[in-house]
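# An overview of the molecular structure
So you can see what is in the structure, the chains are spelled out below.
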Amino acid sequence: MRFLMDTIKGMLIGIANIIPGVSGGTMAVSLGIYDRLIGSISDLPRHPKKSASVLLPIILGCGIGIVGFTYVIEYLLSRHTFVTCMAFTGLILGGLPVLYGSLKKELAKGSGKIGLPGILAFLLLFGVALFLPMMNADDEVLRTFTPSFGTMTALFFVGVIASATMVVPGVSGSLVMMILGYYYGIINTIKSFLDALRAFDTAGLVQGFALLAPFGIGVLLGIFLIAKLITFLFKRFGVQTYCAIFGLIIASPFAIFYNTGALTQSSFPSIGQMILGLILAAGCGFVTWKMGN
């Protein structure tokens, strides 16, 4: 029964990780397995058998959640772009009160002031999240990658960065991938790989594996190594780290709408879509806020 329950919880974490604005770390906290998950990852080299027994059902569930929800995300982004982006925006902004509470706790430990370093950290990440999407070509929206040394190398580092943020409560790895301009390509690559697997398409399987393998290796490496760096930053520079996260999150709705082309002339939303989008944004924001609390 414990294996089954951990698998189901892993599925929910996997689904959370694939939705921009929803933190897999926050979901793990809400489900009551965050400490056990992080502890098992840290203890894996010293206690491999015990750690593996904890991680196996969670990882299995994550895989099932990611695979199953990939088709849903791809459909929503391609058919209902604006409404989906509004829902993502609500999910993102709904987490701000929880992050603000964490920032207040960090401020209470020190002088109670953000200071110049905190302001600079906010502006730096705000600028990165705002301008980085503009560097992506228009044809990068909802595209599928083709194998090349440059692409595989980039996917490796994107996996490292995304996985490092996935394990931190309140930070969405998918959102980071969206800002970097790789989210849609990875989603479509996963979908193409699954389609090839279902059709026994050998060429498609080889191409998909060549792209997903370096990304997967980067994800594993990021979880074990870079996540430790982020933990160090929270301990030593908590205020500045939270300020940087605020800058990233506040600018991220622009990245979502820009990367999806949701507000372009060809797909400009109708009045009905705007109303539905606002309702979904409010509802999703409440869900994220409630889940964070």
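Each value, and the rule that gives it
- Residues numbered from 1 in each chain as written.
- Predicted model: local features only at pLDDT ≥ 70, side-chain atom pairs only at ≥ 80, totals over all residues.
- Heavy atoms only, no water.
- Helix = DSSP H or I, 4+ residues; strand = E, 2+ residues; numbered from the N terminus.
- Axes fitted to C-alpha atoms, helices over the stretch in contact; angles between N-to-C directions.
- Parallel < 35°, antiparallel > 145°, perpendicular 65-115°, else oblique.
- Left-handed = near helix turned anticlockwise from the far one by under 90°.
- Contact = heavy atoms within 4.5 Å.
- Nonpolar A, V, L, I, M, F, W, Y, C, P; charged D, E, K, R; others polar.
- Phe/Tyr/Trp six-rings, centres within 6.5 Å; stacked < 30°, edge-to-face > 60°.
- Expected span 1.5 Å × (residues − 1).
- Buried < 20%, exposed > 50% of the residue type's maximum accessible area, 1.4 Å probe, protein only.
- Core = buried A, V, L, I, M, F, W, Y, C linked by side-chain atoms within 4.5 Å.
- Salt bridge = Lys/Arg side-chain N within 4 Å of Asp/Glu carboxyl O.
- pLDDT = per-residue confidence, 0-100.

### Considering unusual backbone geometry
Within the chain, F200 stands out as a residue other than glycine whose phi angle is a positive 55°. Positionally, F200 belongs in the loop between helix 10 (183-198) and helix 11 (202-236).

### Details of the packing of helix 4 (residues 48-79) against helix 10
Viewed as axis vectors pointing N to C, helix 4 and helix 10 meet at an angle of 120°, and their least axial separation amounts to 10 Å. The pairing of helix 4 with helix 10 is recorded here as oblique in orientation. The handedness of the crossing between helix 4 and helix 10 is left-handed. Contact residues: helix 4 offers I66, V67, T70, Y71, I73, E74 and L77, while helix 10 offers Y183, Y184, I187, N188, I190, K191, L194, D195 and R198. Classifying every residue of the contact of helix 4 with helix 10 by side-chain character gives ten nonpolar, two polar and four charged.

### Brief notes about the packing of aromatic side chains
For the coordinates displayed, the defined rule picks out four aromatic pairs. When the ring of F156 is compared with that of F157, the centres are 5.2 Å apart and the planes differ by 75°; the resulting orientation is edge-to-face.

### Digging into the environment of S172
For S172, the position within the fold is in the loop between helix 8 (149-166) and helix 9 (173-180). Residues S172 and A16, spaced 156 residues apart in sequence, show a C-alpha to C-alpha distance of 8.5 Å.

### Overview of helix 5 (residues 81-93)
It helps to recall that an α-helix has 3.6 residues per turn; residues three or four apart then point in one direction. An ideal rise of 1.5 Å per residue puts 18 Å on 13 residues; helix 5 measures up with 18 Å between its terminal C-alpha atoms. The buried count for helix 5 comes to twelve of 13 residues, which makes it a mostly enclosed element. All of the buried residues in helix 5 are T81, F82, V83, T84, C85, M86, A87, F88, T89, G90, L91 and I92.

### Section: the nonpolar core
Y183 and I186 are the most contacted members of the largest nonpolar core, which totals 51 residues. Looking at this core element by element, the count peaks at eleven residues for helix 12 (residues 238-260). Each residue touching Y183, except ones within four places of it in the same chain, is listed here: I18, P20, I73, L77, S174, M177 and M178. Of all hydrophobic cores here, the second largest spans twelve residues; its members include A16, A28, V54 and C62.

### Thoughts on the side chain of T241
Among the structural elements, T241 can be located in helix 12. Excluding residues within four positions of it along the chain, T241 makes contact with L233 and F234.

### Considering the packing of helix 9 against helix 10
With their axes 7 Å apart at the nearest point, helix 9 and helix 10 run at an angle of 110° to one another. Comparing their axes, helix 10 and helix 9 come out roughly perpendicular. On helix 10, the residues touching S174, M177 and M178 of helix 9 are Y183, Y184 and I186. Each residue belonging to the contact of helix 9 with helix 10 can be placed in one class, and the counts come to five nonpolar, one polar and no charged.

### Some remarks on the pattern of salt bridges
Applying the stated criterion to the full structure yields three salt bridges. The salt bridge partner of R198 is D195, with a shortest N-O separation of 3.0 Å. Of the two residues, R198 and D195 both sit in helix 10, three residues apart, roughly one turn of that helix. According to the relative accessible area criterion, R198 is exposed, its value standing at 59%. Salt bridges sharing common partners tie together K191, D195 and R198.

### Details of the confidence of the model for the chain
Averaged over the chain, the pLDDT score is 80; the fraction of residues at 70 or greater is 86%. Segment residues 137-142: pLDDT under 50, and eight contacts once partners within four positions in sequence are set aside and those in other chains are kept.

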